[in-house]
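So you can see what is in the structure, the chains are spelled out below.
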Amino acid sequence: RRRRVVVVAASSSSPRRRRVASQTMARVSQRPAAFHAVVRHPHTLTALAVGAIALAVVTHAFDTTAHGAQAHGASHGAGGVRFDVDAIGLRRGVAGALGSYAAYSALQGPATHMTRPHVAVWKIAHGMFTAYLLALVFLLFQTPKGARETLRFFWSDLGAPLPTKTYGADCRIYVPGHRSGIFGNVYETCFDVFSLAHVLGWYGKAIAIRDWGLLWAYSVAFELCELTFEHWQPNFNECWWDMWVWDVMMCNLLGITAGMATIKFLQGRMYDWSGKTKTLTATPSVEAKKATAASSSAAAGGGRLRRVFSIFAPASLDKYTWRPTDSPARFTKCAFLVACGLAFDLNTFFLKHVLWMPPTHVATNARLALWFTMSNIAIREYYVFIESPDMSAAKLGANAWLALAVLVVEVLVVVKNGQDAFTNPWPRHIVWAWTIAGVSTVVYLIQWQRRLNRENGAKAKAPARSSSSSSSRRRTKAA
């Protein structure tokens, strides 16, 4: 047996076998590169030809017998003009138009910094978000009843008013004789589907914002918004322990912690949002260097898991560091981002309230998925915009502009379709509280800016005094 091992080892170490082995390894190593090149190549003309053939087959474009066999429903338009509408064909036509626009976006859409799992995924997300903006504009031209009927045309399970549910009717923690136990009131309030939605929602927000301080300010601000609009939205009427203990300290904390742990696991780079660094730097932070050093000595299983996760992560995952207390301008820019996030959250509740869309409906979940994909790109572009050295020549990125436009149109849809739903007057204590808070914030920012101006002026005068004193000393020595 030992002789056989020696013979095999000698034969395997021969020059011919080494040459064959090296050629085989070269061919094997070239296969992933070739596959990667094929997958990453746009193939625009091939996709155009395949798409045209598929469209012709699906729409029966060359089938002369299919046109007269379709059932049509008669209706009347303006002026009594009669026209035929095929409901099934109209739905299929809208779906085909969206599919065609998604294909165009994948091939010719604007590129982003997101490249994984494929650049086409994020291009399609941009295209579908644009289509969502156009759909909102279309709904904006309808009456409230017409908007609900339009949604019911595409989803037959819509069109009915939603049942109102309040969580603050009974805030007792200990309730003897409750059907779910003595703590049944807490159990039924906390352990429902919306608790999971809280965790997942704040996980996505942590992935997008990536800063503990700003996320906590965002979390507390949203609870204050719930207190502000609870006279319009019954779902916002919550008990104190449900709002501050369960939502903020439990669900939000769990989602934020999981999101920040994901960023740390994927070894994000550090970006400075304080305004002190005027250029976008790619220098790894101390934490990133430590994470890289730790990962090099980690087990092979952890490295493989990280590589699997990195397939669906951007090529450069950046960890943002926000310092809104650096200057009034930086505070205003950070507050604007938080305000946009609050508007997004409030629109989630108000849109389903005025358009009668249940929170578990596919349309509601599709909106949340689109916003999640766009928020990561939009926040990155917003960061680049506010970090520009010359703000007068800076231009907001296409995805950030699109996200802001969708946010504004969503607010307009809520305002137009909610005029009959939001009739309760504003509570006086809410108006006074926000008025005092707004005026105090503006006065504080003005005083803060004046103090910075005085400090900058004193620093500018100090070199002039030192130069004049040095020149006077030189003249004295010369005399």
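Given the structure is predicted, the values throughout are model-derived calculations rather than measurements.

**Structural notes on the layout of surface pockets**
Part 1 of the argument: One number sums up the size of the second largest pocket: a volume of about 860 Å³.
Part 2 of the argument: Sorting the residues of the lining of the second largest pocket by element identifies α4 (87-108), α5 (119-140), α6 (144-154), α13 (328-355) and α14 (362-386) as the ones contributing at least two each.
Part 3 of the argument: For the lining of the second largest pocket, the leading source of residues is α5, giving eight residues.
Part 4 of the argument: Among the residues making up the lining of the second largest pocket, the classes are represented as 22 nonpolar, two polar and two charged.

**Comments concerning the packing of aromatic side chains**
Part 1 of the argument: This structure, assessed with the given rule, holds 22 aromatic pairs.
Part 2 of the argument: With a centroid separation of 5.2 Å and 90 degrees between ring planes, the pair formed by Phe 153 and Phe 154 is classed as edge-to-face.
Part 3 of the argument: Residue class for Phe 154 comes out partly exposed when judged on its relative accessible area of 33%.
Part 4 of the argument: Between Tyr 174 and Phe 183, the aromatic rings sit 6.0 Å apart at their centres with planes inclined by 70 degrees, giving edge-to-face as the arrangement.
Part 5 of the argument: Ring pairing ties together the aromatic residues Phe 222, Phe 229, Trp 232, Phe 236, Phe 349, Phe 350, Phe 422 and Trp 426, which thus form one cluster.
Part 6 of the argument: Stacked on the ring of Phe 153, the Lys or Arg Arg 91 has its end atom at 4.6 Å from the ring centre.

**Brief notes about unusual backbone geometry**
Part 1 of the argument: One non-glycine residue with positive phi stands out, namely Arg 210, at about 65 degrees.
Part 2 of the argument: With respect to the element layout, Arg 210 can be found in the loop between α8 (193-209) and α9 (212-229).
Part 3 of the argument: Judged by its relative accessible area of 5%, Arg 210 is buried.
Part 4 of the argument: Although it is not a glycine, Trp 356 sits at a positive phi angle of roughly 60 degrees.

**What to know about the packing of α13 against helix α15 (residues 398-417)**
Part 1 of the argument: For the pair α13 and α15, interaxial distance at closest approach is 9 Å and the crossing angle is 40 degrees. The angle between α13 and α15 falls in the class oblique. Relative to α15, α13 is oriented so that their crossing is left-handed. For the pair α13 and α15, the contacting residues are Phe 336, Cys 340, Ala 343, Phe 344, Asn 347, Phe 350, Leu 351, Val 354 and Leu 355 in the first and Leu 404, Leu 407, Glu 410, Val 411, Val 413, Val 414 and Asn 417 in the second.
Part 2 of the argument: Classifying every residue of the contact of α13 with α15 by side-chain character gives 13 nonpolar, two polar and one charged.

**Observations concerning the side chain of Thr 150**
Part 1 of the argument: Take Thr 150: it is sitting in helix α6.
Part 2 of the argument: Accessibility expressed as a relative area gives 18% for Thr 150, which makes it buried.
Part 3 of the argument: Within the structure, the side chain of Thr 150 is placed 2.7 Å from the backbone oxygen of Gly 146, a separation counted as a polar contact.
Part 4 of the argument: Setting aside chain neighbours within four positions, we find Thr 150 in contact with Phe 138 and Leu 139.

**Things to note about the state of the cysteines**
Part 1 of the argument: Going through the model one piece at a time under the given rule, you end up with one disulfide.
Part 2 of the argument: Note that Cys 171 is cross-linked by a disulfide to Cys 239, the S-S spacing being 2.2 Å. Handedness here is read from the sign of the S-S torsion; for Cys 171 and Cys 239, about -95 degrees, the answer is left-handed. Taken as a pair, Cys 171 in the loop between α6 and α7 (184-190) and Cys 239 in the loop between α9 and α10 (240-265) lie far apart in primary sequence, 68 residues in all.
Part 3 of the argument: According to the relative accessible area criterion, Cys 171 is partly exposed, its value standing at 32%.
Part 4 of the argument: Judged by relative accessible area, which is 1%, Cys 239 ranks as buried.
Part 5 of the argument: You can see Cys 190 has no disulfide; the closest cysteine sulfur is in Cys 251, sitting 7.5 Å from it.

**With respect to the confidence of the model for the chain**
Part 1 of the argument: On average, residues of the chain score 78 in pLDDT, and 69% of them are at 70 or above.
Part 2 of the argument: Scored below 50 in pLDDT, residues 66-74 shows 15 contacts in the model against residues more than four places distant or in partner chains.
Part 3 of the argument: Scored below 50 in pLDDT, residues 277-291 makes 16 contacts in the model with residues more than four places away or belonging to other chains.

**Some remarks on α6**
Part 1 of the argument: Every buried residue of α6 is listed here: Gly 146, Ala 147, Arg 148, Thr 150 and Leu 151.
Part 2 of the argument: Where α6 is buried, its residues meet α5, α13 and α15.

**Notes on the nonpolar core**
Part 1 of the argument: Residues Phe 129, Tyr 132, Leu 355, Trp 371 and Val 406 are the most contacted members of the largest nonpolar core, which totals 55 residues.
Part 2 of the argument: Within the residue set of this core, elements represented by two or more residues are α5, α6, α8, α9, α10, α13, α14 and α15.
Part 3 of the argument: The greatest single-element share of this core, amounting to 12 residues, is contributed by α13.
Part 4 of the argument: What Leu 355 contacts, discounting residues up to four positions off in sequence, is Leu 139, Ala 147, Arg 148, Leu 151, Val 413 and Asn 417.
Part 5 of the argument: Among the nonpolar cores identified, the runner-up in size contains six residues, and Cys 190, Cys 239, Trp 246 and Cys 251 belong to it.

Rules used throughout
- Residues numbered from 1 in each chain as written.
- Predicted model: local features only at pLDDT ≥ 70, side-chain atom pairs only at ≥ 80, totals over all residues.
- Heavy atoms only, no water.
- 1 Å grid on protein atoms, 1.4 Å probe; cavity = no way out; pocket = protein on both sides within 12 Å on 5 of 7 lines; lining within 4 Å.
- Points joined across faces, edges and corners; volume = space filled by probe spheres on them.
- Helix = DSSP H or I, 4+ residues; strand = E, 2+ residues; numbered from the N terminus.
- Nonpolar A, V, L, I, M, F, W, Y, C, P; charged D, E, K, R; others polar.
- Phe/Tyr/Trp six-rings, centres within 6.5 Å; stacked < 30°, edge-to-face > 60°.
- Buried < 20%, exposed > 50% of the residue type's maximum accessible area, 1.4 Å probe, protein only.
- Lys NZ or Arg CZ within 6 Å of the ring centre and 35° of its normal.
- Axes fitted to C-alpha atoms, helices over the stretch in contact; angles between N-to-C directions.
- Parallel < 35°, antiparallel > 145°, perpendicular 65-115°, else oblique.
- Left-handed = near helix turned anticlockwise from the far one by under 90°.
- Contact = heavy atoms within 4.5 Å.
- Polar contact = N/O pair within 3.5 Å; in protein donor to acceptor, adjacent residues only side chain to side chain.
- Disulfide = S-S within 2.5 Å.
- pLDDT = per-residue confidence, 0-100.
- Core = buried A, V, L, I, M, F, W, Y, C linked by side-chain atoms within 4.5 Å.

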